[in-house]
Amino acid sequence: MFRRGKSVVGLDLGSQVVKAVEITLEGPEPVITGFARVEIPPGGDKAAAVAEAWKRGKFRARSVVTSVAGQSVVVRYLQMPKMSESELRQAIRLEADRYVPFELAECVLDCQPLARRAVRAGEATKDETMPVVLVACRQQAIDEQVALVQGQNLQPLAIDVDSFAIANAWELCGLSDEAAAALEGSGEERAIALVDVGASRTQINVLVGGETCFSREIAIGGADMTQAVARRLGLENFDAESHKRAGEEAEADIARAIQPVLEDLSNELSLSLDYVENHEGVRVEEVLLSGGGSLAPGLVAQVEQATGRTTRAWNPLEGLRVAAERVDVEELENWAPTLVVALGLAARVRAA
Ligand SMILES: Nc1ncnc2c1ncn2[C@@H]1O[C@H](COP(=O)(O)OP(=O)(O)OP(=O)(O)O)[C@@H](O)[C@H]1O
Ligand SMILES: [Mg+2]
């Protein structure tokens, strides 16, 4: 009767900040039962940050789900002849060469058929093919991550991709059901863009009825904003970082300094969203921003203006229960927008 539910820690090994969130299943309900956030000091290493996170987080679980991102990973959306999932896994090895810029012998492949077929204007739908998402990751990046996790006496349960973790967080929050419901009867396919602005990069995932139809990584993030502040105000990066976060007192200066970065990022986003709409025949109705970089003053407004789409900050804790006796709720709430990837990783507890 008092059997403890399954617990998993989503461990987001960001380039600047390690975030760890534990989710425990209480019956069918996911509950946040642990949380830690540790900044990696300049020149510091991730393993030490993970060790520190475990000291602070009071986690029950030793099973962790981590993720990869950046240049070690490619994600491609392609059409394959209709076949079963096991046949697809065989066939994709032969196809992958055309889509993957790495030596296949040195990378790990994964793929999944998608349910939704793009409806492009003027194009007949081809019934004999099916859309597939293909992910390839350099083996070395995976080995390094497994070594890091095992080096801390933790057990790697799965390794995900940042851009898909964001989509899993969205599903965890129960929002995809709502989105799917909204779709019904609307005649037009409505999509939503999840955008996580990290320190070194920004992840985009566009969902239709809860399923991905496009993802991309943009090499712009909070670190570029910090550098812009450092240059404009003549500061070292470290001082520019705290200046940037201090908000009010220097807001006008900061806003001016980071404006070009916000514009570059918003323009890239805008291009991506236009591309999805043209290629997938959907309408991207809303942009949801997360990640530490999204805390920069003016970003939400800038993205809304540049993309012409309703844009808002996303708090992924809405609708999730938190075990207040185990977690510093105020700290958790403060950093909520930065925890989307970690939450999406921990969401795998349901399959554990
Ligand atoms: N209050 C704030 N205002 C502006 N920027 C902030 C604020 N707080 C944190 N940041 C920025 O957020 C970034 C860190 O965010 P996050 O934890 O999402 O990155 P990360 O996951 O380590 O990076 P990446 O995903 O690129 O590997 C840093 O660039 C930091 O300067
Ligand atoms: Mg990140």
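K.L.:
Which residues make up the sheet that holds strand β13 (residues 310-313), and what values go with them?
P.N.:
If you walk across this open sheet you meet the five strands as β11-β10-β9-β12-β13, and the pairing is mixed. Strands at the two margins of the open sheet, each flanked by one partner only, are β11 (211-218) and β13. Across this sheet, the average inter-strand angle for adjacent strands is 20°, counted without regard to direction. Pairing between strand β12 (residues 283-290) and β13: four bridges, direction parallel. Paired with glutamate 286 across the two strands is threonine 310, which belongs to β13. Each of β9 (190-197), β10 (202-208), β11 and β12 touches helix α8 (residues 251-280); the most contacted strand, β11, lies at about 150° to it.

K.L.:
Kindly report on the packing of helix α6 (residues 222-233) against helix α7 (residues 237-246), identifying the contributing residues and their values.
P.N.:
Packing of α6 against α7 brings their axes to within 8 Å, and their N-to-C directions diverge by 105°. Classed by the angle they form, the pair α6 and α7 counts as roughly perpendicular. Residues Met225, Thr226, Gln227, Val229, Ala230 and Leu233 of α6 pack against Asn237, Ala240, Glu241, His243 and Lys244 of α7. Residue classes in the contact of α6 with α7 are distributed as five nonpolar, four polar and two charged.

K.L.:
Could you give an account of α6, with specific residues and numbers?
P.N.:
Residues that lie three or four places apart on an α-helix share one face, since the helix turns once every 3.6 residues. In this model α6 runs 16 Å from its N-terminal to its C-terminal C-alpha over 12 residues, within 8% of the 16 Å that 1.5 Å per residue would give. All of the buried residues along α6 are Gly222, Asp224, Met225, Thr226, Ala228 and Val229. One or two steps after α6, the chain reaches glycine 234, where phi turns positive at roughly 65°.

K.L.:
Tell me about the domain arrangement of the protein, and name the residues and values.
P.N.:
Under the domain assignment, the protein is made up of domain 1 (72-139) and domain 2 (175-314). On the domain 2 side, the residues contacting the 10 residues of domain 1 number 10 residues. Looking at the side of domain 1 that touches domain 2 residue by residue, the class counts come to eight nonpolar, no polar and two charged.

K.L.:
Report on the nonpolar core, specifying residues and quantitative values.
P.N.:
The nonpolar side chains of soluble globular proteins are, as a tendency, buried together. In terms of nonpolar packing, the biggest core is built from 87 residues, with Val21, Ala191, Ala193 and Ala346 touching the most fellow members. Counting residues per element, this core draws most heavily on α8, which supplies nine residues. Contact partners of alanine 193, with chain neighbours within four places excluded, come to Ile204, Val206, Leu273, Val284 and Val287.

K.L.:
Explain unusual backbone geometry to me, using residue names and the numbers behind them.
P.N.:
Positive phi values are uncommon outside glycine, yet lysine 58 reaches one of about 50°. Checked against the element boundaries, lysine 58 lands in the loop between α1 (46-57) and β4 (63-68). In this structure lysine 58 comes out as partly exposed when scored by C-beta crowding, with 15 C-beta atoms within 10 Å. Phi at asparagine 153 is positive, roughly 65°, even though this residue is not glycine. Tracing the chain through its elements places asparagine 153 in the loop between α3 (139-151) and β8 (155-161). Given 9 C-beta atoms within 10 Å, asparagine 153 falls into the exposed group.

K.L.:
Before we move on, could you go through helix α9 (residues 299-307) and cite the residues and values that matter?
P.N.:
Taken as a whole, α9 has its buried residues at Leu299, Gln302, Val303, Ala306 and Thr307. Along the axis of α9, the buried positions cluster into a sector of 110°, meaning they face one direction only. In this fold, the buried residues of α9 make contact with α8, β12 and β13. Of the residues trailing α9, glycine 308 is marked for its positive phi of about 65°.

K.L.:
Before we move on, could you go through the pairing of strand β3 (residues 29-39) and cite the residues and values that matter?
P.N.:
Remark: a regular strand shows side chains that alternate across the two faces of the sheet. Within β3, eight of the 11 residues are buried, which leaves it mostly tucked inside the rest of the structure. In sequence, strand β2 (residues 17-26) turns back onto β3 through a hairpin of two residues, with glycine 27 there showing a positive phi of about 65°. In this structure, β3 lies alongside strand β14 (residues 321-322), joined through two bridges in parallel fashion. Opposite valine 31, over in β14, you have arginine 321 as the bridge partner.

K.L.:
Give me the packing of α8 against α9: which residues, what numbers.
P.N.:
Pairs of packed helices are described in terms of their axes, by the angle between the two and the distance that separates them. Relative to each other, α8 and α9 sit at 40°, their axes nearing to 9 Å. Judged by the inter-axis angle, α8 sits oblique to α9. The interaxial crossing formed by α8 with α9 has right-handed handedness. Taken together, the residues of α9 that come into contact with α8 (itself represented by Leu262, Glu263, Ser266, Asn267, Leu269, Ser270 and Leu273) are Leu299, Gln302, Val303, Ala306 and Thr307.

Conventions we followed
- Residues numbered from 1 in each chain as written.
- Chains lettered and ligands numbered in written order.
- Predicted model: local features only at pLDDT ≥ 70, side-chain atom pairs only at ≥ 80, totals over all residues.
- Pairing = 2+ DSSP bridges.
- Helix = DSSP H or I, 4+ residues; strand = E, 2+ residues; numbered from the N terminus.
- Axes fitted to C-alpha atoms, helices over the stretch in contact; angles between N-to-C directions.
- Contact = placed C-beta atoms within 7 Å.
- Parallel < 35°, antiparallel > 145°, perpendicular 65-115°, else oblique.
- Nonpolar A, V, L, I, M, F, W, Y, C, P; charged D, E, K, R; others polar.
- Expected span 1.5 Å × (residues − 1).
- Buried ≥ 20, exposed ≤ 12 C-beta atoms within 10 Å, placed from the backbone.
- Domains from an automatic or database assignment.
- Core = buried A, V, L, I, M, F, W, Y, C linked by C-beta atoms within 7 Å.
- Arc of directions from axis to C-beta.
- Left-handed = near helix turned anticlockwise from the far one by under 90°.

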